[in-house]
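Structural overview
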Amino acid sequence: MPLGWSNESSRTFVVAEIGQNHQGSLSTAKQMIKAAKECGADCVKFQRSNLAEKFTVSALARPYTGSNSWGRTYGEHKQWLEFSSDEYRELQRFATDHDIVFTASAMDAASFRELEEQLQVPFIKIGSGDADNVPLLRYAANRSIPLIISTGMLDWDQVCSIYTQFRHRKDVALLHCVSSYPTPPGDIMLCMIPLLRAHFPELTIGYSGHELGIQHSVASVALGAKIVERHFTLDKAWKGTDHQASLNPAEFGRMVRCIRAIERDVPIDASALIGRLREVLQGEDLDEPELLVALKEIDPHHRQLLECERPCFNKLGKSLVYASDLNCGTVLTESYVQVKVSEPKGLTPRLYDSVVGRTVKCAVSKDDPILMQHFKHI
């Protein structure tokens, strides 16, 4: 593979997740790209959203006036943090000039098409918020662009469903992820990485971490992660909810150096892991009690929506919604169903196939959440 991430690669692919930590500033985003390269990252990743495709009108209109807000409503806040297509191209050129891979997460179907067809990024990330987005996953499975998919907020059956869809692809990676910012040590579940490797050998397995510090991310490599993704910031005191669980340049640089040191010895026997980490991690980066908690034995049933993930799920978990106004008696086709962040929430996207083909028994409006009581009994 041209990007170098695969289960056979001896070199870990390190992604600096800039996301929307750039504060809506193109200049700051460029500073972050340059800093990530200097820290040793292989790739910088942003988040691309088409707000009207990702959120319902009511979700965008809700008041959002907390200390991290960039606008009076959630829509104004998100719009402040979005770059235009031309600005994305400028950032892409800047990354190319600094010899670092540039890509983004596709936060909706329209953004996926833009990243693939217009920006022509080398791979696309599908984040945890869309890991149960049935129509998006089906579309992506039939495209040729390489993919990285995170597994936060999923249960094991959903992870298996992703594997079934993508097992025919040799250019797809699955990242163990817990969608909690920051993730408590007891919920990190690092042993999910060898579990995923054992159950899904056709896919490249990696780790997307949201914990404090670097030790768990370094340990993930010793356990078989071939991709490590961490949120990146220039200043943890900046406004925004992701900065606390992000690494600053000093931390990110230390993480990359430790990864490069430990990946030479992979695989490392579990009994020898702590000792090897003592050798590569500096004193301030090693907390053995927390590491041992994160290394607890697990089995597939531990991969479920965790309590620590519920705030993220409640804020950004997606629902099935109506794509247009419909009259009573309309039979739902795929063109009438979308997946969006909705307020209030509707049915989970994993019920997509259960909804298509059903008849609505009342008039509904575009962006209304789809609910079971809307349907005639079959």
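Model, not experiment: these values are computed from the prediction.

Rules of the game
- Residues numbered from 1 in each chain as written.
- Predicted model: local features only at pLDDT ≥ 70, side-chain atom pairs only at ≥ 80, totals over all residues.
- Heavy atoms only, no water.
- Helix = DSSP H or I, 4+ residues; strand = E, 2+ residues; numbered from the N terminus.
- Buried < 20%, exposed > 50% of the residue type's maximum accessible area, 1.4 Å probe, protein only.
- Contact = heavy atoms within 4.5 Å.
- Areas by Shrake-Rupley, 256 points an atom, 1.4 Å probe, with all protein chains shown as cover.
- Lys, Arg positive; Asp, Glu negative; His and termini not counted.
- Charge placed at Lys NZ, Arg CZ, Asp CG, Glu CD.
- Salt bridge = Lys/Arg side-chain N within 4 Å of Asp/Glu carboxyl O.
- Arc of directions from axis to C-beta.
- Polar contact = N/O pair within 3.5 Å; in protein donor to acceptor, adjacent residues only side chain to side chain.

What follows concerns the overall build of the protein. When its secondary structure is counted, the protein shows 15 helices and ten strands. For the C-alpha atoms alone, the extent of the protein along its principal axes is close to 65 × 45 × 40 Å. A buried classification covers 57% of the 378 residues belonging to the protein. Sequence-distant contacts in the protein: of pairs separated by 6 or more residues, those separated by 24 or more amount to 69%. Within the structure as shown, the protein displays about 15400 Å² of accessible surface, and the carbon and sulfur contribution to it stands at 51%. Of the charged side chains in the protein, 42 are positive and 47 negative; the average position of the first set lies 3 Å away from that of the second.

This brings us to the side chain of arginine 254. Considering the arrangement of structural elements, one finds arginine 254 in helix H11 (residues 249-262). Residue classification places arginine 254 among the buried residues on the basis of a relative accessible area of 13%. With sequence-adjacent residues up to four places away left out, arginine 254 is seen in contact with Ile214, Gln282, Glu284 and Asp285.

Now for unusual backbone geometry. Cis geometry is adopted by the peptide bond preceding proline 182, which originates at tyrosine 181 and carries an omega value of -5°. Unusually for a residue other than glycine, methionine 153 sits at a positive phi of about 70°. Within the secondary structure, methionine 153 sits in the loop between strand S5 (147-150) and helix H8 (156-166).

Applying the stated criterion to the full structure yields 28 salt bridges. Note that lysine 37 and aspartate 99 form a salt bridge whose closest N and O atoms lie 3.8 Å from each other. With lysine 37 in helix H1 (residues 26-39) and aspartate 99 in the loop between helix H5 (85-97) and strand S3 (101-106), the pair connects residues that are 62 residues apart, well separated along the chain. The closest approach of N and O atoms between aspartate 86 and arginine 89, which form a salt bridge, is 3.2 Å. One end of the pair, aspartate 86, and the other, arginine 89, are both in helix H5, three residues apart, so they sit about a helical turn from each other. Here the salt bridges share partners, and the residues they tie into one network are Arg11, Asp42, Arg260 and Glu263.

When we look at burial in helix H9 (residues 192-199), the residues that qualify are Met192, Ile193, Leu195 and Leu196. Projection of H9 onto a plane perpendicular to its axis shows the buried side chains occupying an angular sector of 160°, all on one side. Looking at the buried side of H9, the elements it contacts are H8, strand S6 (172-177), strand S7 (204-209) and helix H10 (215-222).

We now examine the environment of leucine 212. Mapped onto the secondary structure, leucine 212 falls in the loop between S7 and H10. A sequence separation of 30 residues divides leucine 212 from proline 182, and the C-alpha atoms of the two residues are 6.2 Å apart. Ignoring any residue separated from it by four or fewer positions in sequence, one finds leucine 212 in contact with Pro182, Gln244 and Ala245.

Once that is clear, we can look at the environment of aspartate 171. Looking at the secondary structure, you find aspartate 171 in the loop between H8 and S6. What makes aspartate 171 buried here is its relative accessible area of 17%. Between the C-alpha atom of aspartate 171 and that of leucine 147, which follows or precedes it by 24 residues, the distance is 6.6 Å. Of the polar contacts made by the side chain of aspartate 171, one reaches the side chain of arginine 169; its length is 2.8 Å.

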